[in-house]
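Observations on the model geometry
As a plain string of letters, each chain reads:
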Amino acid sequence: MEIMEILNGIFREVFDDGGLIIKRETTADDIDDWDSLSHLNLVIAVEMKFGVKFALGELQSLKNVGDMADLIDRKLKKK
Amino acid sequence: MSSVTTDGQHNIGYLCTRGQCEAGRSDRVALRFITPSLERHDYTFADLDGLTNRFANALATLGFGKGDMFFTFLPKAVPQFVAFLGALKLEVVAGTLFSNFGEEAILDRLGDASAKGVITKKSFVKKIAAVRDRMPALRWIIVIDSDRHLADDILSYDRLMAESSHEFTVPRTSPDTPAILHYTSGSTGKPKGVLHVHRAVLSHTATAAGVLGLRQNDVYWCTADQGWVTGTSYGIVGPWNLGVTQIQFAGSYNPESWFRILDEERVNVWYTAPTALRMLMREEPDFYSRFSLPSLRTIFSVGEPLNPEVIAWIRRTFSRDIFDTWFQTETGAIMIANRPGQEIRPGAMGKPVDGIEAAIVSDEGDPVADTVTGNLCVRAGWPSMFVTYLNNPEVYAGKFKNGWYYSGDKAYRDPDGYFWFVGRSDDVINTAGHLISPFEIESTLLEIEEVAEAGVVGVPDEILFEKVVAFVALHRKYGYSQELELKIRLYVTHKLSSVATPHDVVFVEDIPKNKSGKIMRRVLKARYLGTDAGDISTLEV
């Protein structure tokens with residue numbers, strides 16, 4: 001399954017919205033409930049589902065979902 | 001500075017719109033709404049008057065009248081301001097909900113208030129629908145992002161507005177008329193509905209001028225969400241009753257956007273929160289050298305005590321002072337503040353504002369000596385004092401003794417009259433300026449199948465002031481897993497809100513309780529912090 005497809009499932013679970021469709025350019029401004037605290041839920045869910053760990057600095061530099069997908073991809077390739 | 005309270009007319013909706021037009025400010029920009037991509041949309045006071053008239057007429061057509069309850073449940077959006085003031089024009093009580101509330105939080109508020117209507121967006125209707133059968137009084141849902149009605153009782157804002165007249169005669173509203181409703185959390189029980197009357201506009205306006213120092217022709221930005229009291233008292237009412245242009249930014253926290261707005265919009269007065277400032281402190285100093293902030297006169301802060309480090313950083317980085325203010329949902333307006341012209345004592349709350357008598361009072365209702373810690377109280381009777389906790393008159397009465405309102409905060413006063421915050425007298429958690437009830441979170445955690453017991457505390461956090469930490473004990477047949485931790489976090493987020501979601505979930509064998517079964521949060525907090533729990537003689541073992 002593509003990373004974006006898995007991420008979409010995670011976003012739907014975290015934001016409790018079965019109809020949510022994310023794109024690479026999606027940002028926190030596009031999802032009403034995506035604030036710094038729900039972001040923590042998102043990070044935990046992503047780490048758990050992909051089996052990766054993020055460092056704090058890595059997350060601060062992410063501008064959109066595409067950046068997150070690319071970071072996950074890089075981490076998976078290093079495994 | 002001329003404020004408008006004409007001929008005994010206290011209607012907040014009128015004063016913030018029509019009243020400004022009649023004072024000659026029709027063409028002045030009232031609302032500068034800035035999108036996440038920094039597009040600017042301006043609305044003059046005349047625009048705001050016409051839009052709020054339309055909304056008042058729309059509500060009247062739907063059968064709303066004086067004393068009915070109407071809520072906004074929206075992220076930052078222009079209709080939020082229109083609906084709030086439009087409802088007030090009709091003498092409907094305007095309540096506001098934080099847009100991240102989950103279904104239980106919505107039920108606790110709309111249900112308790114017997115709300116007759118709510119304005120929201122399509123994606124939020126699902127949360128309301130999940131609990132709607134337990135809110136029989138709720139007749140109308142208005143959505144702002146549909147050009148057609150979605151059902152007989154789920155109506156399009158655009159269509160209602162298009163079909164309503166832009167003319168409306170606001171009734172002469174007495175100062176005692178119920179106006180604004182916010183819900184606040186206590187350490188026990190459900191959230192309580194804090195009701196204010198139209199008279200509150202006097203305090204909002206006086207403090208917006210006298211503390212925030214707002215002047216005609218100012219551009220002012222209050223970053224608070226309209227779901228909370230700061231967002232209505234100082235993000236709607238006070239500034240607009242002074243004819244001031246307000247910035248409202250629809251984007252999320254973003255240092256680049258925030259500082260471009262402060263710079264390019266030439267903001268004169270900025271009112272924000274310590275958590276935001278502490279997050280901004282993490283940016284590289286070079287970041288700020290790009291912004292000259294040519295018009296910024298003063299910065300104010302509210303929500304949590306302002307640490308001396310933030311004051312020093314602001315002085316160092318911006319060559320300006322920052323002034324801390326203190327108030328609560330119940331007080332409706334600023335009661336104690338630091339302000340220009342008064343020496344700042346870093347870490348102090350400041351001094352009482354004009355017309356406010358504050359004191360440190362014993363549990364018995366008697367003022368105590370300077371430097372002695374006690375209950376922070378305000379002499380009852382100021383214009384924006386709450387008039388009741390909805391459906392809870394006994395608890396309301398319990399907040400007063402010997403003519404003093406007991407704020408629930410512990411503080412002391414120094415010999416020069418400055419007040420210093422010490423802590424809460426209850427277990428309410430203040431995280432990023434949001435007051436959170438540990439009881440609500442514990443109750444929600446107990447709804448999760450695997451959870452047998454739960455205890456929730458607030459512990460100090462360098463960014464959030466306090467963070468929510470949940471201790472959970474599982475039923476014997478369940479064990480810890482990462483999936484369960486995520487399930488617990490998401491359950492609280494979806495039922496209550498993201499701000500109530502524990503930062504840390506600590507799995508324990510059991511929750512310490514005293515002999516009467518009360519959760520000993522003090523012990524949990526000490527356990528988390530690795531400190532001495534003090535007297536544990538009442539601990540049930």
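Now for a look at the structure at hand.

Criteria and cut-off values
- Residues numbered from 1 in each chain as written.
- Chains lettered and ligands numbered in written order.
- Predicted model: local features only at pLDDT ≥ 70, side-chain atom pairs only at ≥ 80, totals over all residues.
- Helix = DSSP H or I, 4+ residues; strand = E, 2+ residues; numbered from the N terminus.
- Rg over C-alpha atoms; globule rule 2.2 N^0.38 Å.
- Buried ≥ 20, exposed ≤ 12 C-beta atoms within 10 Å, placed from the backbone.
- Contact = placed C-beta atoms within 7 Å.
- Nonpolar A, V, L, I, M, F, W, Y, C, P; charged D, E, K, R; others polar.
- Pairing = 2+ DSSP bridges.
- Axes fitted to C-alpha atoms, helices over the stretch in contact; angles between N-to-C directions.

Digging into the overall build of chain A
- Of the regular secondary structure elements, chain A holds four helices and zero strands.
- When the helices and strands of chain A are listed from N to C terminus, the series reads α-α-α-α.
- For 79 residues, the compact-globule formula gives about 12 Å, and the C-alpha radius of gyration of chain A, at 12 Å, lands near that figure.
- Once the C-alpha set of chain A is aligned to its principal axes, its extents read approximately 35 × 25 × 20 Å.
- Looking at chain A as a whole, 23% of its 79 residues qualify as buried.

A short note on the interface of chain A and chain B
- Taken together, the contact between chain A and chain B spans 16 residues of the former and 18 residues of the latter.
- Contributing elements (two or more residues each) for the side of chain A that touches chain B: helix 1 (3-14) and helix 2 (36-50) of chain A.
- At seven residues, the largest contribution of residues to the side of chain A that touches chain B is made by helix 2 of chain A.
- When grouped by side-chain class, the residues that make up the side of chain A that touches chain B number six nonpolar, three polar and seven charged.

Side note on the sheet that holds strand 19 (residues 388-389) of chain B
- Spatially, 7-6-5-3-4-8-9-19 (chain B) is the arrangement adopted by the eight strands of the open sheet, whose pairing is mixed. Two strands lie at the open edges of the sheet, namely strand 7 (154-156) and strand 19 of chain B, each paired on one side alone.

Topic: the sheet that holds strand 13 (residues 298-301) of chain B
Residues and elements named next belong to chain B.
- Read across the open sheet, the nine strands follow the order 2-1-11-10-12-13-14-15-16; overall the sheet is mixed. Edge strands, defined here as strands with exactly one partner in the open sheet, are strand 2 (40-44) and strand 16 (351-352).
- Contacts from helix 3 (residues 45-61) reach strand 1 (29-34) and strand 2, with the element oriented near 80° to strand 2.
- Lying on the sheet, helix 9 (residues 229-241) is in contact with strand 1, strand 10 (219-222), strand 11 (245-249) and strand 12 (269-272); it crosses strand 10 at an angle near 165°.

Focus on the environment of Met 69 of chain B
Residues and elements named next belong to chain B.
- Mapped onto the fold, Met 69 is located in strand 3 (residues 69-73).
- The exposure class of Met 69 is buried, given the 26 C-beta atoms found within 10 Å.
- Spatially, the C-alpha atoms of Met 69 and Glu 453 are 36 Å apart, while their sequence positions differ by 384 residues.
- In this structure, Met 69 is in contact with Val 93, Gly 95, Ala 113, Ser 114, Ala 115, Lys 116 and Leu 181, ignoring residues within four places of it in sequence.

A short note on the pairing of strand 25 (residues 451-461) of chain B
Residues and elements named next belong to chain B.
- Relative to strand 26 (residues 465-474), strand 25 is paired through 10 bridges, and the arrangement is antiparallel. What sits directly across from Asp 461, in strand 26, is Phe 465.
- The hairpin turn running from strand 25 into strand 26, its antiparallel successor, is three residues long.

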